[in-house]
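Next come the chains, spelled out residue by residue.
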Amino acid sequence: MNKKAAVHNLGCKVNAYETEAMQQLLEEAGYEIVPFGEKADVYLINTCTVTNIADRKSRQMLHKARKMNPDAVVVAAGCYAQTDTENLKKDGAVDLILGNNQKHQIVEVLEKYEKERKKELHVIEINRTREYEELSISHTAEHVRAYIKVQDGCNQFCTYCIIPYARGRVRSRRTEEIIDEVKTLAAKGYQEVVLTGIHLSSYGVDFKDQEKENLLSLIRAVHNTEGIKRIRLGSLEPRIITEEFMEGIAALPKVCPHFHLSLQSGCNRTLERMNRRYTAEEYREKCELIRKYYSAPALTTDVITGFPGETEEDFRESLEFVRSIRFYETHIFKYSRRQGTKAAAMDGQLTEAVKARRSEEFLELNEQRESEYVEAMAGKELEILLEEEEELDGRQYLIGHSREYVKTAVEKRDGLKVNDLITVKGIKVLENHILLAK
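Residues numbered from 1 in each chain as written. Predicted model: local features only at pLDDT ≥ 70, side-chain atom pairs only at ≥ 80, totals over all residues. Heavy atoms only, no water.

## Side note on the sheet that holds strand E13 (residues 329–334)
Here is step 1 of the chain: Taking strand neighbours across the sheet as the criterion, the three strands line up as E11-E12-E13 in an open arrangement whose pairing is parallel. The open sheet has two edge strands with one neighbour each: strand E11 (258–260) and E13. Ignoring strand direction, the axes of neighbouring strands in this sheet form an average angle of 15 degrees.
Here is step 2 of the chain: Contacts from helix H13 (residues 352–375) reach strand E12 (298–305) and E13, with the element oriented near 170 degrees to E13. (Pairing = 2+ DSSP bridges. Helix = DSSP H or I, 4+ residues; strand = E, 2+ residues; numbered from the N terminus. Axes fitted to C-alpha atoms, helices over the stretch in contact; angles between N-to-C directions. Contact = heavy atoms within 4.5 Å.)

Quick look at the structure:
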């Protein structure tokens, strides 16, 4: 009888990609993949360590797996496994510890454990490696859109962030490997790809000078792949937005006008304490440059509220800056003190009540701006990639996203199906910022 494996992902899109890659390695080795809530012979948890809460969730899932089947092999993989190895070694719920850059070994590690039944640690000094861990997927849980990991690691060392210690230095994937994967996915009917990484803007900086690969050259190569109709980009750093970069991607019609440009704060004093390496004024110039090349791009961002030492004046400055940029969406995070980072030792740690109040003001602004952006789509022609069927107000709709990533609904009718790419006209906004179109 085939062994059963249950896989659970915690964390970011890169983690999700790696989880799918490990699952496909297990499938190829003959494992039957079952839902995580079912009894299995192997439980694989790809952990996250971005916050202390993420650490706690990782431990909870590992212990949940042990309770579901005390005889199972429980594997802790990924970022939390990388950064808190000592505690996991003592944790009786965990049998195998698989750090970053070791996930490709999942099948071999399990085979060895079956023979020896001995708790093992497979964790390297991640900051010393320059090798990109080659993982790939041939299909994905999403029906029409595929996330593709092209880069790992980060050299930025923002003062609040543990990720460089969990993921190591920048390591880029070879363009030819990426294109092979894109071709495989395109042949299976995927029309949209999202290029993602831990610090996507750094793609290619670790290659030798003569190779001249960078994010723009990679996007061009993906654009030339037959079958791919749309390209999205993961989170970008402001400094990559140059005249050359924008001119380059604006010439590629498959690139969607949807840009997530990481901000974190609109206050220069806070940005400096965060070690973000740009000013609010420079950030504004980058947004203006994007809008020079695209008439109504969807600009989205991240903001941290309640960073250590953030005064009420600093907070107001950040809020007004975000208001002035007119983002489509702003993802709000209350500062979470992360042991092992410089910010954790800073003076001026704020109370949860202050963080929550400031977060609420940002959330109110985000709700307003998101409504405004979606409402502005009424009357416009939009290209929609249909993704799923859903019932709204007692009627059946096909739901998809526009190139700007506005969630859009069209009434179900004969001849329309998931993965169709259609042109429609926005009519009005339904509940939850969903645009009705026909």
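## A word on the packing of aromatic side chains
Here is step 1 of the chain: For the structure on display, the rule yields 11 aromatic pairs.
Here is step 2 of the chain: Seen from their ring centres, Tyr203 and Phe207 are 5.8 Å apart, and the 90 degrees between their planes marks the pair as edge-to-face.
Here is step 3 of the chain: Note on Tyr203: relative accessible area 1%, which makes it buried.
Here is step 4 of the chain: When its relative accessible area of 9% is taken as the criterion, Phe207 is described as buried.
Here is step 5 of the chain: Pairwise contacts between aromatic rings join Tyr278, Tyr283, Phe321 and Phe327 into one cluster. (Phe/Tyr/Trp six-rings, centres within 6.5 Å; stacked < 30°, edge-to-face > 60°. Buried < 20%, exposed > 50% of the residue type's maximum accessible area, 1.4 Å probe, protein only.)

## Things to note about the environment of Arg128
Here is step 1 of the chain: Here Arg128 is to be found in the loop between strand E6 (120–122) and strand E7 (145–152).
Here is step 2 of the chain: Judged by relative accessible area, which is 66%, Arg128 ranks as exposed.
Here is step 3 of the chain: Along the backbone, Arg128 and Arg169 are 41 residues apart, and their C-alpha atoms lie at a distance of 8.0 Å.
Here is step 4 of the chain: At 2.7 Å, the side chain of Arg128 forms a polar contact with the side chain of Glu125. (Polar contact = N/O pair within 3.5 Å; in protein donor to acceptor, adjacent residues only side chain to side chain.)

## Re the pattern of salt bridges
Here is step 1 of the chain: Here the structure, examined in full by the defined rule, presents 37 salt bridges.
Here is step 2 of the chain: One salt bridge connects Arg66 with Asp95, and the closest N-O pair in it is separated by 2.6 Å. In this pair, Arg66 sits in helix H2 (residues 52–68) while Asp95 sits in the loop between helix H4 (85–90) and strand E5 (96–98), placing the two residues 29 residues apart along the sequence. Like Arg66, the residue Asp95 is buried in the burial classification. (Salt bridge = Lys/Arg side-chain N within 4 Å of Asp/Glu carboxyl O.)

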